[in-house]
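Breakdown of the fold
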Amino acid sequence: MSDTVLDERDIALTVNGRPRRARCETRTNLVDFLRHGLGLTGSHVGCEHGVCGACTVLVDGAAIRGCLMLAVQADGAVVETVESLADDDGTLSIMQAAFAKHHALQCGYCTPGILMTLAEVERDDTVELSEDFVREALSGNLCRCTGYQNIVDAAMDALTAIRNAKGGTA
Amino acid sequence: MKCGPFRYHAPTELGEALELLGGMDNAKALAGGQSLMAMLNLRYAMPDDLIDLNRITGLAGVEEEPGGVIRIGAMTRQRVLERHAGLQHSMPILRQALLQVGHIQTRNRGTIGGSLCHLDPAAEQPAIALLYEAEIEAASAARGSRRIGMADFPAFYMTPAIEPDELVTAIRFRPWLGQVRHCFLEFARRHGDFAIVSAGCLVACDAAGRIERASIVLGGVGSAPLRLVAGEALLKGEVPGDAVFRAAAATAGDIEAMDDATYSSTYRRHLAQVMVRRCLEKAFASEEGAAAA
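Residues numbered from 1 in each chain as written. Chains lettered and ligands numbered in written order. Predicted model: local features only at pLDDT ≥ 70, side-chain atom pairs only at ≥ 80, totals over all residues. Heavy atoms only, no water.

**Describing the sheet that holds strand β7 (residues 144–149) of chain B**
Residues and elements named next belong to chain B. Strand order in the open sheet formed by five strands is β4-β5-β10-β6-β7, with antiparallel pairing between adjacent strands. Each having just a single partner strand, β4 (62–64) and β7 make up the two edges of the open sheet. The mean inter-strand angle of the sheet, taken between neighbouring strand axes irrespective of direction, is 25°. Direction of pairing for strand β6 (residues 135–140) relative to β7: antiparallel, over a ladder of six bridges. Counted as the bridge partner of E135 is G149 from β7. (Pairing = 2+ DSSP bridges. Helix = DSSP H or I, 4+ residues; strand = E, 2+ residues; numbered from the N terminus. Axes fitted to C-alpha atoms, helices over the stretch in contact; angles between N-to-C directions.)

**Some points on the state of the cysteines**
Within the structure shown, the criterion is met by zero disulfides over all chains. Here B:C117 stays free of any disulfide, with the sulfur of B:C3 as its closest cysteine sulfur at 19 Å. (Disulfide = S-S within 2.5 Å.)

**A word on the nonpolar core**
By size, the foremost hydrophobic cluster in this structure holds 36 residues, and its most contacted members are B:I128, B:F153 and B:F173. Counting residues per element, the ones that place at least two in this core are β5 (70–73), α5 (92–98), α7 (112–118), α8 (124–131), β6, β10 (166–173), β11 (180–187) and β12 (197–205) of chain B. Looking at this core element by element, the count peaks at five residues for α8(B). Sequence-distant contacts of B:F153, that is, excluding residues within four places in its chain, are made with B:L116, B:C117, B:L119, B:I136, B:I148, B:T159, B:P160, B:A161, B:I162 and B:V168. In this structure, A:L30, A:F33, A:L34 and A:V59 belong to the second largest nonpolar core, which totals 35 residues. (Core = buried A, V, L, I, M, F, W, Y, C linked by side-chain atoms within 4.5 Å. Buried < 20%, exposed > 50% of the residue type's maximum accessible area, 1.4 Å probe, protein only. Contact = heavy atoms within 4.5 Å.)

**What about the packing of aromatic side chains?**
All names here are of chain B. Under the defined criterion, the tally for this structure stands at three aromatic pairs over all chains. Consider the rings of Y263 and Y267, whose centres lie 5.9 Å apart with planes at 25°: the pair is stacked. Under the relative-accessibility criterion, Y263 is labelled buried at 16%. In this structure Y267 comes out as partly exposed when scored by relative accessible area, which is 30%. Lying over the aromatic face of W176, R213 brings its terminal NZ or CZ to 3.7 Å of the ring centre. (Phe/Tyr/Trp six-rings, centres within 6.5 Å; stacked < 30°, edge-to-face > 60°. Lys NZ or Arg CZ within 6 Å of the ring centre and 35° of its normal.)

**Description of the interface of chain B and chain A**
Taken residue by residue, the interface counts 33 residues in chain B and 32 residues in chain A. Summed over both partners, the interface of chain B with chain A buries about 2,800 Å², with 49% contributed by carbon and sulfur atoms. By the criterion of area lost to chain A, the three top residues of chain B are B:P5, B:Y8 and B:Q105, representing 23% of everything that side buries. Where chain B meets chain A, there are five salt bridges. The partner of A:D32 in a salt bridge is B:K2, with the nearest N and O atoms 2.8 Å apart. (Buried area = accessible area lost by both parts, 1.4 Å probe. Salt bridge = Lys/Arg side-chain N within 4 Å of Asp/Glu carboxyl O.)

**A word on helix α10 (residues 242–250) of chain B**
For an α-helix the count is 3.6 residues per turn, leaving residues at separations of three or four pointing the same way. All names here are of chain B. Where α10 is concerned, the buried positions are V244, F245, A248 and A249. Around the axis of α10, the buried residues are gathered within 135° of arc, so they sit on the same side. Those residues of α10 that are exposed and aimed more than 90 degrees away from the buried face are D242 and A243. Elements that come into contact with the buried residues of α10 comprise α9 (229–235) and α11 (265–285). (Arc of directions from axis to C-beta.)

As C-alpha cells, then:
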C-alpha cells in the first residue's frame, strides 16, 4: 500500500480453555499473535513459510501451521498450544513424559510443534497405529537434532498408552 | 519474514466477495493460505487488499448432482476430501493423490480451489482435475457464473485463465463408472515436497479385458499438468501388459518438458517415462488399483 494504513481488528478467541480478547494487526499471523500478543511463547517460529512445522498449533482441533494463518482468521476459534498439555502443577502429559523418557528432543526447538501435531493424532482413534503412520503424521515437522527415531519411539509408546487408557474406560 | 501491510476483508457472502474483488486494482483472494500466506510472508505477494474467503458460507462441501456429477465447493479443505467416504468410493484416486499433498497441517487448511488457482505445475489437484476433464466454475459480479474445462484452465505458468474480478467457486467431476484401474504416483526428493514429476492414470477395460478408455496425466513436466494423449491412444484396444505399458510410457519421451537450474528437460522426460510405466503397472498390480475410480 502506498499510504501505510494500520489495519487492526479486535478479536475474541478461546486459547487453552481461556477466553481471550485482543487487538491485532490484520497482517499478524497466528503464531506471532500467540507469542507477542498473548505472551504464549511455547509455540516457536521457524521458517515462516510453512515448511518446518515448529509453529504447529491446534485450531478447532486441527493441527495447522501458525505461520500460514492470520490471527484475525482465528476470531471465534478454539486454539490450543503446547502450554495446554501439562497440568497446572507441571505434571507432564502422557506424550510429554514419553518424550522425556525416550530422549525425543535435544535442542527442543521443534518439540512444541511436534507435540501439537501429535495432539491431533492422539484424538483420532480411527487409524491403526503403526510406525509408518506415525512417521507419515510427523512428516510435516522438521527436527535437525534427533534423526527422528526417538521421537517415533516416544510417539508410539504414548499413543499406545493413550489408546489403551481409552479402551479401558470404554 | 512477515507480511507487508494490506487492508483485510472478510466477506460472509460470495456476492460480497465478488463485489469487493471487482472494485479493486491489487487485491488477492485468500483461500486456505497454504501457498499465498507463504508468499505474503516472503513478500513475493504484496496486495493492497486481501479478501479472505474463509467466512463465506456455501463455498465448501461435496454434493452429488443428478446425472452423476460430483460438485466440490472451491473452499472444501483437502483434509475433508481425503476423509470423504463417498469420494473414496467414487474417485479413490483423489484420496491417493491428496495424501501426497503437503502434510496433515497444510491439508487441514488447504483447499481444492486454492490449489487449482495457485496452479503449481507439480500440484496434485490440478492433475486430478485434468485426468477427469473436470469443469471449473468461476463467478464474477459483472458477468455471473461460467464453466471452464480443465484443459483450458491454465493460461500459462501458475496462472489460471480467470479474470482479475473472478473467483473459482466449484470444481465439477464426472467419475468413471464400473471397474476402473487407477494410480497416482510422485517422485520427489523429500516426502511432502512438490514432485519433480508425478503421473496419474485411469484405465477401464471392456468385458473381453481390452482397454476401452484410458486417461494419463503428467505433473511437473510442463508449465501446467498435461495429458499424455499419445500414450492413451496406444493403450486403447490393447490387452494390459508390460509391453503395452512400456510403449505407452515411451510416448512421454516426446513431450516438451520444463528446464530449470535443478532438473533438465532431458531428465524430466526420462522421469516422465519411468513414472508413467510405474503408474500403469501399479494400477494393474494392486488390489487398491482395481477399485472403482
